[in-house]
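So the chains spell out like this:
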Protein chains: 8
Amino acid sequence: MQPLTVYLSGEIHTDWRTQVARGAEAEGLDIEFTMPVTDHEASDDCGVAILGGEETPFWKDHKGAKLNAIRTRTLIESADIVVVRFGDKYKQWNAAFDAGYAAALNTPLIVLHDPALTHALKEVDAASLAVAETPAQVVEILRYVQRGELRRAG
Amino acid sequence: MQPLTVYLSGEIHTDWRTQVARGAEAEGLDIEFTMPVTDHEASDDCGVAILGGEETPFWKDHKGAKLNAIRTRTLIESADIVVVRFGDKYKQWNAAFDAGYAAALNTPLIVLHDPALTHALKEVDAASLAVAETPAQVVEILRYVQRGELRRAG
Amino acid sequence: MQPLTVYLSGEIHTDWRTQVARGAEAEGLDIEFTMPVTDHEASDDCGVAILGGEETPFWKDHKGAKLNAIRTRTLIESADIVVVRFGDKYKQWNAAFDAGYAAALNTPLIVLHDPALTHALKEVDAASLAVAETPAQVVEILRYVQRGELRRAG
Amino acid sequence: MQPLTVYLSGEIHTDWRTQVARGAEAEGLDIEFTMPVTDHEASDDCGVAILGGEETPFWKDHKGAKLNAIRTRTLIESADIVVVRFGDKYKQWNAAFDAGYAAALNTPLIVLHDPALTHALKEVDAASLAVAETPAQVVEILRYVQRGELRRAG
Amino acid sequence: MQPLTVYLSGEIHTDWRTQVARGAEAEGLDIEFTMPVTDHEASDDCGVAILGGEETPFWKDHKGAKLNAIRTRTLIESADIVVVRFGDKYKQWNAAFDAGYAAALNTPLIVLHDPALTHALKEVDAASLAVAETPAQVVEILRYVQRGELRRAG
Amino acid sequence: MQPLTVYLSGEIHTDWRTQVARGAEAEGLDIEFTMPVTDHEASDDCGVAILGGEETPFWKDHKGAKLNAIRTRTLIESADIVVVRFGDKYKQWNAAFDAGYAAALNTPLIVLHDPALTHALKEVDAASLAVAETPAQVVEILRYVQRGELRRAG
Amino acid sequence: MQPLTVYLSGEIHTDWRTQVARGAEAEGLDIEFTMPVTDHEASDDCGVAILGGEETPFWKDHKGAKLNAIRTRTLIESADIVVVRFGDKYKQWNAAFDAGYAAALNTPLIVLHDPALTHALKEVDAASLAVAETPAQVVEILRYVQRGELRRAG
Amino acid sequence: MQPLTVYLSGEIHTDWRTQVARGAEAEGLDIEFTMPVTDHEASDDCGVAILGGEETPFWKDHKGAKLNAIRTRTLIESADIVVVRFGDKYKQWNAAFDAGYAAALNTPLIVLHDPALTHALKEVDAASLAVAETPAQVVEILRYVQRGELRRAG
């Protein structure tokens, strides 16, 4: 099958992206993973650090969020598949925003979250083609999608 | 100016939609407001009530969320402007999802939230054309957009 | 809520369209139902009857199917919601074709079929926002979508 | 001429895909063939095998069909040409669904089926740019499309 | 069925548009017919008459053709169905241009011409959903499309 | 011909919009004219007047320009034809911005300016379907487009 | 500058494509030229030669034109620039059809024809970004577009 | 991260493009920069030099601007990010036109100008994701977008 570009959106406080990427590499999959800036402080400060300081938190955030959007929109628009991870902390509204953006583009969406979040995420799950609970399941999905082979439990 | 269709997305636990609609009516604006189902229980139960019960919460939520999506997608696609309200409770990921959906469609977006949520909502705010703090400001924006007249404080 | 245009695709050998339309009327819903030509013979013969006879069945079918497509494409493109009904007879490939067409347009899709067809229709069901078993359920869905009120069993 | 990407949709119980691919290879055509998962059992079981078991056949099918859709939608969206094969067994609604999806995207469609199915497939044929009866004809079409040379019978 | 907007493109030297419009009216069809400017001299001279004279025929034609395009593009974009008529005189490249424009928009196309032009028009016919020979056939097609009733020869 | 919606963009310091609208009315044309807010001070101050003051001119302008964009984008997206007027004062970059926006949407564009600006506006003119010098010419174009009748100088 | 893909549509009875391609090669331009099948007989007979004979000329032409459309649509959709050549013989409606198709896609269009055809081609010229009279001018345009250097006559 | 294509639009009288390109190269970024023809005279004269002289300045400009549009539209359509620079001289309406074009395509936009132009450019700035004052800031933005690393002042 063709190479895939997979955008990994959402939670930045656990190493789930690394797990997905390493898992895919271990399987020999031909996938390019793209993602937002995952350095939290850089993501918060980029606007004022590059374009000059602001007196109010609102405009500091605004400038930074827009710079990050240059990256995230470009990458979501060019992704074949979007994976969005929700963790148990923080509001993570940017993750849900990315899911809505992908849905409007009709791009296949995989959601990754703990079952405890099922009710709160029901609208996002309903727009997805798969709801996974672990990074290993995401790898397995990507392997199945690219290779067309199903590994069954022994 | 032309009639407007404005979709009111997000928080369903305060009467902000009523405030916006009444304010617009009081101003004599020619606006049709559309919105998701705001009866929380109906929104949760619609899937199993109409299409039959489910044994697991996941599929109950899934069926309901998809039914609600028939309504919300149809209305967002046909809206001229989308207003998304974030309150101080709950995860409200569906609100952020709708904002992302509207952004991908290039539909003008107005976000309504308390300044306390600014940092958490910075990506959503960055995709919007206005960030309001009160329903009265939303009415004033809609009045300005439709009438082109600016009311100044005395 | 806004008026809706709902396209009723698929099976033409039972009166399910009438049931849906009458049910919606009984509920006072503001819905315009559109549909393909449901007179089977007219649908088969229209090409040669209007544009002249053909010697081979292939071109007779081809001419007729294209005339029908003028109607069906125009109506699917302008529908807010597409309902596709699969019965227990015939191949009904045109019904599945319409479902795929609606899915690519990102138009909300409701599928109506007997549970016995679940396995054969799994790809179509997976692309839908609701899978109903009876015309009454379709009416109830449309009522919920347009009114936002949920009727619960007594 | 440019390389082509051709998606081979539909029947998975005969070796028609192999015949098309080998024929194209024998002609030295520069074509990448893509296709759904053709291992029937894997295609049926992938959902529950990767994401966990379900108690009802409906949700088992649903999970699986959605996983398969991640692959099929990605590939149909990126195909230059879609070939859909209908055999003489099974309902094959997914094949007709794919044809409708391709038609809505305005992607050139080639249909491959026995003349006995002409009447039942007339709507699908009417949306296509070629109706072939044998895999060898599909190869010949692809050769003509890519090379621009017509081989005539001796 | 819904009202239809039908754009009548092509030949301006016979009264085929009048025949189609009167025929539709006689049948009581709910169709709005739109069309290019059919006053040949006005169509040729509009550019220089409104915007000032030109010394070379090329720029006179250019200005006029662009003014006409304001009308034709607006109307083709908003048409449900496009009918293109080719007569036996003149090059009529604008008619074929309109047909290509409609085809790229995936708008249903009906072509109207004498069988003597079949070979020269084969690419245009191949992109159409119907090839008629007389205005009466066009009326009959529109009647069938809107009413869904087929009149058979006695 | 169908009613038209015409967006009048650009210069706000002369009464050209009134001239166009009155001229169209005098001709009995069925045209709805839409336009940006033409009260210069309201347009400059709307952001801070409605959403609260800013300490820097940059953010004052930013807030105001975004509010105005809610109106202008909605209206440009729904216009059949866009007319852009350039005067002899100010930078008028918003006028050129609107012209580029309309061009990307493939919406017919009419540009209105003095011949003295021809060289500076050549890229905008090149994207247009008509370049007029007076509001009366714009009225005449709209009359020709809607009525299809050409008035010739006596 | 980036590599370009240029589709060469229209007249097949002179060697203009060869002149353009050789000229571009002589300049060292990085352009891939694509084109329809230019073997007239192959283009006419491909349908019946591959898919089986037809008794009527209409269906023979239809089958062939559709096969050719698989090639031409794929190539026009993927072209950066479309060049359409009109000669002094034949109707060449397919050339005008391709021009309309490209215009609807907003793809830059270059038209190549003798000044004698100016009046008949005014609508096509009006939709183009350049009207050339010789293949050498087309090469010069492509050279300018890709290199950004203008060669001036000595 | 993936390679980026960045279109550099606007002012051609300073060396800002060279500064951006050299800065990106010095950082080792994987970016292809594209741009309009920046040789002012070539850009003005290309139309008449290649396609033949004109008697009036209007048509000379028109022909040239259209040739340039072949290049600019192709490049803007294929850019991931568009940077538009406004200087302190000239009208630069083509720069604002390009910004509007990019905005309608939903392509991320960076604007580069002196703070003195803030008020005049407020609509363009409002449609952008970043407003920079120096070429070095543009380089820093591109570095951040591609690498995801933020360099902080010592």
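- Under an unreviewed UniProt entry, the name given to chain A is YtoQ family protein, and the organism recorded is Oceanibacterium hippocampi.

## Brief notes about the overall build of chain A
- Each helix and strand counted, chain A has six helices and five strands in total.
- Shown N-terminal to C-terminal, the secondary structure of chain A runs as helices and strands in the order β-α-β-α-α-β-α-β-α-β-α.
- Taken against the 2.2 N^0.38 rule, which gives 15 Å for 154 residues, the C-alpha radius of gyration of chain A at 16 Å falls within 12% of a compact globule.
- Each principal axis of the C-alpha atoms in chain A carries an extent, and together these give about 60 × 35 × 30 Å.
- Looking at chain A residue by residue over its 154 residues, the buried ones come to 65%.
- Long-range pairs, those at least 24 residues apart, make up 63% of the contacts in chain A with a sequence separation of at least 6.
- As displayed, chain A offers around 5500 Å² of accessible surface, 47% of which is attributable to carbon and sulfur atoms.
- Between the averaged position of the 15 positive side-chain charges in chain A and that of its 23 negative side-chain charges there is a distance of 2 Å.

## A short note on the sheet that holds strand 2 (residues 31-34) of chain A
All names here are of chain A.
- Ordered by their spatial adjacency, five strands build an open sheet running 2-1-3-4-5, and the pairing between neighbours is parallel. Among the strands making up the open sheet, the edge pair consists of strand 2 and strand 5 (130-132). In this sheet, neighbouring strand axes are inclined to one another by 20° on average, regardless of whether the strands run parallel or antiparallel.
- Sheet topology places strand 1 (residues 4-10) next to strand 3 (residues 81-85); five bridges connect them, and they run parallel. Note on strand 3: the bridge partner recorded for V6 is I81.
- Set on the sheet, helix 6 (residues 135-147) makes contact with strand 1, strand 2, strand 3, strand 4 (109-112) and strand 5; between it and strand 4 the angle comes to about 160°.

## What to know about the relation of the copies chain H and chain F
- With an RMSD of 0.0 Å, the fit of chain H onto chain F corresponds to turning through 180° and sliding 0.0 Å along the axis. This pairing of chains is accounted for by a two-fold axis.

## Considering the pairing of strand 1 (residues 4-10) of chain G
Residue and element names in this part refer to chain G.
- In terms of residue burial, strand 1 counts as a mostly covered element, since seven of its seven residues are buried.
- Of the pairings in the sheet, the one linking strand 1 to strand 2 (residues 31-34) comprises four bridges and is parallel in character. Considered in strand 2, the bridge of T5 is made with E32.
- At this point the chain moves from strand 1, through helix 1 (residues 16-26), to the parallel strand 2, and the crossover so formed is right-handed.

## A short note on the interface of chain B and chain A
- At the interface, 33 residues of chain B touch 33 residues of chain A.
- Buried surface at the junction of chain B and chain A, summed over both partners, amounts to about 3200 Å²; 69% is from carbon and sulfur atoms.
- The largest per-residue losses of area from chain B upon contact with chain A belong to W93, F97 and K122 of chain B, which jointly make up 23% of the total buried on that side.
- Remark: the boundary between chain B and chain A carries two salt bridges.
- A salt bridge links D44 of chain B to K122 of chain A; the shortest N-O distance between them is 3.3 Å.
- Counting only elements with at least two residues in the side of chain B that touches chain A, the list comes to helix 3 (57-77), helix 4 (93-104) and helix 5 (122-126) of chain B.

## Regarding the domain arrangement of chain A
Residue and element names in this part refer to chain A.
- Segmenting chain A into domains produces domain 1 (8-13 + 20-34 + 81-87 + 101-115 + 125-154) and domain 2 (38-78).
- On a C-alpha basis, the centroid separation for the pair domain 1 and domain 2 is 26 Å.
- Interface area for domain 1 against domain 2, summed over the two sides, is near 630 Å², with a carbon-plus-sulfur share of 70%.
- Considering only the surface of domain 1 that becomes buried against domain 2, I12, T34 and Y101 emerge as the three largest contributors, covering 65% of it.
- Along the contact surface separating domain 1 from domain 2 lie zero salt bridges.
- At the junction of domain 1 with domain 2, the criterion picks out two residue pairs in polar contact (both at pLDDT 80 or more).
- Per-class residue counts for the side of domain 1 that touches domain 2 are four nonpolar, two polar and no charged.

## Section: the interface of chain H and chain F
- If you look at the interface, chain H gives 33 residues, while chain F gives 33 residues.
- When chain H packs against chain F, close to 3200 Å² is buried across both sides, 68% of that on carbon and sulfur atoms.
- Here chain H and chain F share two salt bridges between them.
- Secondary-structure elements contributing two or more residues to the side of chain H that touches chain F are helix 3 (57-77), helix 4 (93-104) and helix 5 (122-126) of chain H.
- Tallied by class, the residues present in the side of chain H that touches chain F amount to 19 nonpolar, six polar and eight charged.

What counts as what
Residues numbered from 1 in each chain as written. Chains lettered and ligands numbered in written order. Predicted model: local features only at pLDDT ≥ 70, side-chain atom pairs only at ≥ 80, totals over all residues. Heavy atoms only, no water. Helix = DSSP H or I, 4+ residues; strand = E, 2+ residues; numbered from the N terminus. Rg over C-alpha atoms; globule rule 2.2 N^0.38 Å. Buried < 20%, exposed > 50% of the residue type's maximum accessible area, 1.4 Å probe, protein only. Contact = heavy atoms within 4.5 Å. Areas by Shrake-Rupley, 256 points an atom, 1.4 Å probe, with all protein chains shown as cover. Lys, Arg positive; Asp, Glu negative; His and termini not counted. Charge placed at Lys NZ, Arg CZ, Asp CG, Glu CD. Pairing = 2+ DSSP bridges. Axes fitted to C-alpha atoms, helices over the stretch in contact; angles between N-to-C directions. Least-squares fit on C-alpha atoms with pLDDT ≥ 70 in both. Right-handed = clockwise from strand over helix to strand, strands pointing away. Buried area = accessible area lost by both parts, 1.4 Å probe. Salt bridge = Lys/Arg side-chain N within 4 Å of Asp/Glu carboxyl O. Domains from an automatic or database assignment. Polar contact = N/O pair within 3.5 Å; in protein donor to acceptor, adjacent residues only side chain to side chain. Nonpolar A, V, L, I, M, F, W, Y, C, P; charged D, E, K, R; others polar.

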